[in-house]
Amino acid sequence: MAALRRACLSGALLALLLLQLPRLPAAHLDVAARPEPILAMVGDDVELPCQLSPNANVSAAGAELRWLREQESPAVLVLRAGRPQDAEQTAHYRGRAASVQNGLALRLRGVRVSDDGEYRCLFRQDDSHGEASVRLKVAALGSDPHIHVEVQGNGEARLECTSVGWFPEPQARWRTAEGRDLPSASESRDPDEEGLFSVVTSVIVRDASTRNVSCCIQNVLLGQEKEAETSIPAPFFPRPTPWMVAVAVILTVLGILTTGSLFFTWRLYKERGRQRKNEFSSTEKLLEGLKWRNAALHAVDVTLDPDTAHPHLFLYEGFKSVWLGDARQELPEKAERFDSWPCVLGREAFTSGRHYWEVEVGDRTDWAIGVCREDVTKKGFDPMTPENGFWAVELYGNGYWALTPLRTPLSLAGPPRRVGIFLDYESGDVAFYNMIDGSLIYTFSGVSFSGPLRPFFCLWSCGKKPLAICPLTGGLEGVTVVADATDPSKGIPRSPMGEDAASGDTDMLHSKLISTQPRQAEP
């Protein structure tokens, strides 16, 4: 009996010792990834590599591979036996993440700002596992800086520089033509809904000897920058000093005395000068009126082309009005669609002749309208200048401008609510008229056009006030424009000989915020 008890006690002790022994750890897989960060531009495709050690007795095709961000689930991409597991994939990467290089690398299509960060690749097979991480850095080079100059009443000049589409957050600085840095008066860098930064910076120039100033926006990650230079327009006077005031008072007194002695002579010539001025003004207005009426004889029916419209632009009223919204529409990607500037072209293309149309701008605070070559670059932020195929005027920052290389300021008697545009292809002229009084706003003249030209429209800020193409008010002159027989799929009318234009398609895009009832044309 004692021997049996000793045998039972020995067995129990042996079982207890076996339970206390540590379990054998699971086998570790040697997984490697690229140690240095991978740089990708917004909108490009990128590949993130991940490798198994050659000594690992594991096949990637038979293992489970997970690409993860900060959380275990949902994942960027999950593969089991080489097949993707869509149910475990986060919605942000569906249709964008795929495996390449026999499942050992992750490809991301159309890189976004939100893709920036660390990615982990995790291999599992049976009890073996291993993981590695790779860093993705996302960058975007923004638009060319846009400088607005305002000379204030005290003689100071205030310059404001804007640029959009940067990532990561850029640096901005002002400097003179001699390379001297100027301190910024204000600066803001705000991200949009896609995470891209918009930069607005300003500087106050008080030194009258400073004529040329440049604005430089730099992407530190890329080591690249974009710069724009402008000239401070005259007159730009320094602040008056006491001695200047004294001299001005003395000169004023002398002027009054001299004026008194010449009073009767001045009265004699005053009436004669007034008569000459009235005669000249009447003749000038008559000539401008004749030019505008001649232009109106060549009216064409312009409609908007939805295939070229930026996704934030909403077209309605039979493709006659355009409105810039906050929401981005899901539209098919096309080579002819603007993807950066919020612009849209007219359907009509002109290769000869004279053509006239009117645009109701109303009381919108910013817009750009005119003509452009049909083949202008619609991707990216190329400047809208004649060198790049644009002939247009704009309202921006409470000022009217002609979009010449250095932007020409325009002096108008009053804000136009409706603008007439006249294109004379053979003469190389594009003229803009204020339809309140028929006065000339600006003319691009002597241009040597080549290839088709199309009406051009652009909005700079969101709001419920649209741009609208005005209806024809009289009979049309010339030959009816027909569609280009060489490209019937586009349905874009061309005008090789005349001025009339075919109407657009009946299908239209509708804004959910704007009524689609027809608008009353302004008289």
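Quick look at the structure, then.

So, on to the overall build of the chain. Of the regular secondary structure elements, the chain holds three helices and 34 strands. When burial is assessed residue by residue, the chain has 42% of its 523 residues classed as buried. Restricting the contact set of the chain to residue pairs at least 6 apart, pairs at least 24 apart contribute 63%. With an accessible surface of roughly 28,800 Å², the chain has 55% of that area assigned to carbon and sulfur atoms.

The four strands are arranged 11-12-16-15 in an open sheet whose pairing can be described as antiparallel. The outermost strands of the open sheet, each flanked by one partner alone, are strand 11 (146-151) and strand 15 (186-191). Ignoring strand direction, the axes of neighbouring strands in this sheet form an average angle of 10 degrees. Summarising the sheet, strand 15 and strand 16 (residues 197-205) pair through six bridges and their orientation is antiparallel. From the neighbouring strand, serine 186 faces strand 16, where its bridge partner is serine 202.

Before going further, it helps to examine the packing of aromatic side chains. Ring pairs (aromatic) are described by centroid distance and by the angle formed between their planes. Applying the stated criterion to the full structure yields eleven aromatic pairs. With centroids separated by 6.3 Å and ring planes inclined at 75 degrees, the aromatic side chains of phenylalanine 432 and phenylalanine 444 adopt a geometry described as edge-to-face. With phenylalanine 432 in strand 29 (residues 429-434) and phenylalanine 444 in strand 30 (residues 439-444), this pair connects stretches of sequence that are twelve residues apart. Take phenylalanine 432 and phenylalanine 444: they sit in the same class, and that class is buried. Taken together, the aromatic side chains of Trp341, Phe381 and Trp460 make up a single cluster linked through ring pairs. In this structure, arginine 407 is placed above the aromatic ring of tryptophan 401, and the distance from its NZ or CZ to the ring centre is 4.2 Å.

Attention shifts here to the side chain of serine 340. Its location among the elements puts serine 340 in the loop between strand 20 (321-324) and strand 21 (343-345). Separated by 3.1 Å, the side chains of serine 340 and aspartate 339 make a polar contact. Looking at serine 340, its side chain comes within polar contact range of the main-chain nitrogen of glycine 380, at 3.3 Å.

A few words on the pairing of strand 19 (residues 313-316). In summary, the side chains of a regular strand alternate between the two faces of the sheet. Residues Leu313 and Leu315 of strand 19 are buried on one face, and the alternating residues Phe314 and Tyr316, pointing to the opposite face, are buried as well. Pairing analysis gives four bridges linking strand 19 to strand 20, with the strands arranged antiparallel. Among the inter-strand pairings, phenylalanine 314 is bridged to a residue of strand 20, identified as tryptophan 323. Where strand 19 folds back onto strand 20 in an antiparallel hairpin, the turn is made up of four residues, including glutamate 317, whose phi is positive at roughly 55 degrees.

With that out of the way, let us pick up the pattern of salt bridges. Under the definition given, this model contains 28 salt bridges. The closest approach of N and O atoms between glutamate 64 and arginine 80, which form a salt bridge, is 2.8 Å. Of this pair, glutamate 64 sits in strand 4 (residues 64-68) while arginine 80 sits in strand 5 (residues 77-80), and the two are 16 residues apart along the sequence. Residue class for arginine 80 comes out partly exposed when judged on its relative accessible area of 31%. Taken together, the shared-partner salt bridges connect Glu64, Arg66, Arg80, Glu88 and Arg124 into one network.

A few words on unusual backbone geometry. Following phenylalanine 167, the chain continues into proline 168 via a peptide bond in cis, with omega recorded as -5 degrees. With respect to the secondary-structure elements, proline 168 resides in the loop between strand 12 (157-166) and strand 13 (171-176). Despite not being glycine, glutamate 317 has its phi angle at roughly 55 degrees, a positive value. Structurally, glutamate 317 can be placed in the loop between strand 19 and strand 20.

Inspection of the entire model under this criterion finds two disulfides. Each sulfur in the disulfide pair cysteine 50 and cysteine 121 lies 1.8 Å from the other. Judged by the sign of its S-S torsion, about 60 degrees, the cystine formed by cysteine 50 and cysteine 121 is right-handed. With cysteine 50 in strand 3 (residues 46-52) and cysteine 121 in strand 9 (residues 117-125), this pair connects stretches of sequence that are 71 residues apart. Shown here is the disulfide that connects cysteine 161 with cysteine 215, its sulfur atoms set 2.2 Å apart. Since a negative S-S torsion denotes a left-handed disulfide, the cysteine 161-cysteine 215 link at about -80 degrees is left-handed. In this pair, cysteine 161 sits in strand 12 while cysteine 215 sits in strand 17 (residues 212-219), placing the two residues 54 residues apart along the sequence. With relative accessibility at 0%, the residue cysteine 215 sits in the buried group. Here the chain pairs its bonded cysteines, counted in sequence order, in the arrangement 1-2, 3-4.

Scoring rules and cut-offs
Residues numbered from 1 in each chain as written. Predicted model: local features only at pLDDT ≥ 70, side-chain atom pairs only at ≥ 80, totals over all residues. Heavy atoms only, no water. Helix = DSSP H or I, 4+ residues; strand = E, 2+ residues; numbered from the N terminus. Buried < 20%, exposed > 50% of the residue type's maximum accessible area, 1.4 Å probe, protein only. Contact = heavy atoms within 4.5 Å. Areas by Shrake-Rupley, 256 points an atom, 1.4 Å probe, with all protein chains shown as cover. Pairing = 2+ DSSP bridges. Axes fitted to C-alpha atoms, helices over the stretch in contact; angles between N-to-C directions. Phe/Tyr/Trp six-rings, centres within 6.5 Å; stacked < 30°, edge-to-face > 60°. Lys NZ or Arg CZ within 6 Å of the ring centre and 35° of its normal. Polar contact = N/O pair within 3.5 Å; in protein donor to acceptor, adjacent residues only side chain to side chain. Salt bridge = Lys/Arg side-chain N within 4 Å of Asp/Glu carboxyl O. Disulfide = S-S within 2.5 Å.

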